[in-house]
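Reading the structure
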Amino acid sequence: MKIIKFDAIDSTNTFLKDMADNMPVENYTVILAKHQTSGRGQMHTSWESEPGKNITCSVFVRQDRLSISKQKYLNFAVAISIYNTLDQYSIPNLAIKWPNDIMADGLKICGVLIENTLKGASIAASIIGIGINVNQAFLNNGVLKAVSMKDILHANFNLEDIVVALIQELKVNIQRLQQHYFQDIENEYLAVLYKKNVPCMFKTARNNIFMGKIIGISSDGKLQVALPDETVKEFGVKEVSLLMP
């Protein structure tokens with residue numbers, strides 16, 4: 001593991017991608033920044049973080065000819081790794097919110113952005129961007145959709161210690177992925193999937209609101225929602241959102 005630190009950078013994912021495009025990069029190289037000026041989330045959303053208070057990092061992972069058709073298991077493996085890392089700190093009520101946000105007490109504590117380099121029908125390498133709310137106070141500032149480790153555990157934490165623990169978890173689960181333990185990985189993901197089998201309100205991208213319950217993930221990574229009439233609909237990222245209470 002090699003950790004490269006920056007005080008400020010536009011985007012750790014962008015920097016690591018450019019680096020990998022122009023030179024050999026050691027597996028599990030980490031770009032860690034105190035501040036991102038143009039941090040990115042899923043589907044072109046931004047990631048805001050108070051400088052020096054949270055983990056904003058990207059990890060380079062070389063894949064062993066992982067088929068594009070198995071991409072959802074990469075997502076599962078990454079989410080499980082973050083979940084397990086935070087669980088080491090005894091954070092209560094942790095869950096994975098599809099596709100790969102991590103929730104604590106029903107609020108977002110971590111976001112993920114995975115960008116893959118393809119070679120034919122396989123994923124050759126992945127850049128995994130991870131943002132974890134650690135020492136920034138969200139609840140005292142009236143932010144109702146996010147929470148930090150400090151908010152929950154009332155203490156400050158060493159960011160690099162968390163990153164090291166996270167990389168160890170990633171190594172374990174990426175190895176399991178490469179050894180094709182797909183069903184085990186999926187079972188672990190589904191066991192902690194946020195609001196699974198719980199009736200909830202959803203909203204589509206066209207602002208249609210409906211009742212349903214999450215029952216699983218399809219073979220191509222879509223969210224499966226059972227409707228009151230017992231039919232099942234599948235939704236891609238940004239096609240549906242869960243209306244939080």
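Residues numbered from 1 in each chain as written. Predicted model: local features only at pLDDT ≥ 70, side-chain atom pairs only at ≥ 80, totals over all residues. Heavy atoms only, no water.

We now examine the overall build of the chain. Within the chain one finds five helices and twelve strands. Taken over C-alpha atoms, the radius of gyration comes to 18 Å for the chain, in line with the 18 Å a tight globule of 245 residues would show. Here the chain holds 245 residues, and the buried ones make up 49% of them. Across the chain, every contact between residues at least 6 apart in sequence was considered, and the portion connecting residues at least 24 apart equals 61%. Per element, the accessible surface of the chain, about 12,100 Å² overall, is 50% carbon and sulfur. Of the side-chain charges in the chain, 25 are positive and 24 negative, and the distance between the mean point of each set is 3 Å. (Helix = DSSP H or I, 4+ residues; strand = E, 2+ residues; numbered from the N terminus. Rg over C-alpha atoms; globule rule 2.2 N^0.38 Å. Buried < 20%, exposed > 50% of the residue type's maximum accessible area, 1.4 Å probe, protein only. Contact = heavy atoms within 4.5 Å. Areas by Shrake-Rupley, 256 points an atom, 1.4 Å probe, with all protein chains shown as cover. Lys, Arg positive; Asp, Glu negative; His and termini not counted. Charge placed at Lys NZ, Arg CZ, Asp CG, Glu CD.)

Counting through the fold element by element, Leu-170 comes out in helix α4 (residues 159-178). On the basis of relative accessibility, which here comes to 1%, the residue Leu-170 falls in the buried class. Each C-alpha atom of the pair Leu-170 and Ile-114 lies 13 Å from the other, and the pair is 56 residues apart in sequence. Setting aside its immediate chain neighbours within four residues, Leu-170 contacts Tyr-28, Val-59, Val-78, Ser-81 and Ile-128.

Grouped together as the largest cluster of nonpolar side chains are 66 residues, with contacts concentrated most on Ile-55, Ile-82, Leu-86, Ile-109, Ile-132, Tyr-189 and Phe-202. The element that contributes the greatest number of residues to this core is helix α2 (residues 71-87), accounting for ten residues. Core analysis: the second largest hydrophobic core is formed by nine residues, Met-19, Val-25, Phe-60 and Ala-125 among them. (Core = buried A, V, L, I, M, F, W, Y, C linked by side-chain atoms within 4.5 Å.)

Bringing the sheet that holds strand β12 (residues 240-242) into the picture now. The sheet built from five strands is open, its strands ordered β11-β10-β9-β8-β12 with antiparallel pairing. On the outer flanks of this sheet lie β11 (232-235) and β12, each paired with one strand and no other. Neighbour to neighbour, the strand axes of the sheet diverge by 50° on average, direction disregarded. In this sheet, β11 lies alongside strand β10 (residues 223-226) in antiparallel orientation, the contact comprising four bridges. In the sheet register, Leu-223 faces β11, and the bridge partner there is Phe-235. (Pairing = 2+ DSSP bridges. Axes fitted to C-alpha atoms, helices over the stretch in contact; angles between N-to-C directions.)

Time to look at the state of the cysteines. Tallied over the entire structure, the rule returns zero disulfides. Free cysteine: Cys-57, not disulfide-bonded; nearest cysteine sulfur from Cys-110 at 8.6 Å. With a relative accessible area of 0%, Cys-110 lands in the buried category. (Disulfide = S-S within 2.5 Å.)

Here we come to the pattern of salt bridges. The full count for this structure, using the stated rule, is eight salt bridges. Of the charged contacts in the structure, one is a salt bridge between Arg-65 and Asp-64, with a shortest N-O distance of 3.4 Å. With a relative accessible area of 67%, Arg-65 lands in the exposed category. (Salt bridge = Lys/Arg side-chain N within 4 Å of Asp/Glu carboxyl O.)

Further remarks concern the pairing of strand β7 (residues 122-132). Within β7, ten of the eleven residues are buried, which leaves it mostly tucked inside the rest of the structure. The sheet contact formed by strand β3 (residues 55-67) and β7 spans ten bridges and is antiparallel. Note on β7: the bridge partner recorded for Leu-66 is Ile-123. Here strand β6 (residues 107-119) runs beside β7; their pairing, made up of ten bridges, is antiparallel. For Asn-116, the partnering residue across the bridge sits in β7 and is Ser-126. Counted between consecutive antiparallel strands, the loop separating β6 from β7 contains two residues, among which Gly-120 sits at a positive phi close to 65°.

Sheet architecture is open: seven strands sit in the order β1-β2-β3-β7-β6-β5-β4, paired in mixed fashion. On the outer flanks of this sheet lie β1 (2-9) and β4 (94-97), each paired with one strand and no other. Between one strand axis and the next, the sheet turns by 25° as a mean value, whatever way the strands run.

Attention now moves to the environment of Gly-106. Following the sequence through the fold, Gly-106 ends up in the loop between β5 (101-104) and β6. As a C-alpha pair, Gly-106 and Leu-94 span twelve residues in sequence and 8.1 Å in three-dimensional space. If sequence neighbours within four positions are ignored, Gly-106 has contacts with Tyr-194 and Met-244.

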